[in-house]
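# Residue-level structure breakdown
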Amino acid sequence: MNEQLPSINALWIGGSLGKISSACLTSFLKHGHQVNLYAYDEMADLPQGINVLDANQILGKSKIFRHHKRGSYAPFSDVFRYNMLKQISNGIYVDCDVYCLKPMTLPDHGYLLGYENPSIISNAVLALPQDSELLDILIHLTSQPYFTPEWYSGYDKLRLKIKRLFGHANTLGKMGWGVTGPSAVTHYVNKLQLNHLVQPVDVLYPIQHHETGKLLDPNIDIKDAITNQSVCVHLYNETIRHLNLDEISPDCILAKMLDNQV
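These remarks concern the structure in this document.

Each value, and the rule that gives it
- Residues numbered from 1 in each chain as written.
- Predicted model: local features only at pLDDT ≥ 70, side-chain atom pairs only at ≥ 80, totals over all residues.
- Heavy atoms only, no water.
- Helix = DSSP H or I, 4+ residues; strand = E, 2+ residues; numbered from the N terminus.
- Buried < 20%, exposed > 50% of the residue type's maximum accessible area, 1.4 Å probe, protein only.
- Areas by Shrake-Rupley, 256 points an atom, 1.4 Å probe, with all protein chains shown as cover.
- Pairing = 2+ DSSP bridges.
- Expected span 1.5 Å × (residues − 1).
- Contact = heavy atoms within 4.5 Å.

### Remarks on the overall build of the protein chain
For the protein chain, the helix and strand inventory stands at nine helices and eight strands. The principal-axis extents of the C-alpha atoms in the protein chain amount to approximately 55 × 40 × 40 Å. Looking at the 262 residues of the protein chain, the share that counts as buried comes to 50%. Surface accessibility of the protein chain: about 12,600 Å² in total, with carbon and sulfur atoms responsible for 49%.

### Digging into the pairing of strand β7 (residues 120-127)
Here β7 lies mainly inside the structure; seven of its eight residues are buried. Bridge count for strand β6 (residues 112-117) against β7 is four bridges, and the pairing is antiparallel. Residue G114 lies in a different strand from β7, and its bridge partner there is S122. Connecting the antiparallel pair β6 and β7 is a turn made up of two residues.

### Considering helix α1 (residues 18-30)
For α1, spanning 13 residues, the distance from its first C-alpha to its last is 18 Å, which sits close to the expected 18 Å at 1.5 Å a residue. Tucked into the core, α1 has its buried residues touching β1 (7-12), β2 (35-39), β4 (91-94), β5 (98-100), α8 (237-240) and α9 (253-258). Positive backbone phi, at 95°, marks G32, one or two positions downstream of α1.

### Remarks on unusual backbone geometry
The residue N90 is not glycine, and still its phi comes out positive at about 50°. Relative to the elements of secondary structure, N90 occurs in the loop between α2 (74-87) and β4. Judged by relative accessible area, N90 falls into the partly exposed class, the value being 44%. The residue N260 is not glycine, and still its phi comes out positive at about 55°.

### Regarding the pairing of β1
Look at any regular strand and the pattern is simple: side chains alternate between the two faces of the sheet. Most of β1 sits out of view: six of its six residues are buried. The two faces of β1 match: S7, N9 and L11 on one face and I8, A10 and W12 on the other face are all buried. Note that β1 and β4 share three bridges and pair parallel. Each residue of the ladder has a partner; that of S7, found in β4, is G91. Looking at chain direction, β1 and β2 are connected through five bridges and run parallel.

Read these as spatial facts, not as claims about activity.
This is the structure:
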C-alpha cells in the first residue's frame, strides 16, 4: 500500500460482492491504494486486503432504500457517498463497478469528478473538499424526504407540486433515474461555475454506457478503448448485469479484468 495515495472508499449492500465488484476493488489494491469498503452485512467473497468498515457510521441501515422501478440501491448510494465524503479526508468514493487502470491522485484543489459524456458529470468516481459548497448542497438536497429539482421544467415542477397536494409526493426512491446523482452533480457544478475542475471524458469514463460492447469484443484491446490519460473504467453494472460471465470470451477486456490482468 502506498500511504501517499488517497484512500479508495466504496459501499456495498448485501452478502456477496460477485465477480465484477471483487475484481474492481482488487484493481485498486493492485495499484497501491488502501481500499475501505463500507458494508452493513458480512460478505463471503471479500478479497484479501480490503478494509471493511461499518456503514452505520455514515448512515444507519434503517435509511436504506431502493429505486422504485429498478430495485437498485443507486439513489441510496448517492446519499451515502455525499455524507461519507463529509466525514473523510484524502479519500475518493468509487462505485464498486469502477476498475482501476493506474493509481489515482487528488488534484490540489481537492475535486475529483469527471464528464461521462460532453454534457453529463458522473459521480461514480467522486472526491470533494469537506468544506465545499457543492458537497453541502448535495447533502442538503438528499437529506430532504422529497424535493423538486430546480433544474426541472416548469411543467415538471407543477406536476410534482400537484402530486404532493394529493398525498403522492415523490420520495428520493421515486425520483427519476440519476436525479440525485449525475443530474444533481451536473446542475450544481454548472451553477457554481466549477466546470474547469472537471476531468475530461477519457480520464475517468473512457468507455461510456452505450459502449460496453467493447468490453466483450475479443478483438479489442484495452489500449484501443482508452487513452494515455485514462485512470479507470466504469463498467456500468446496470448495463451488463444480465451477462453470464462464464460464457464471455476469455480474450475480451472484461474477462481479463475479472482476472485482474488489465
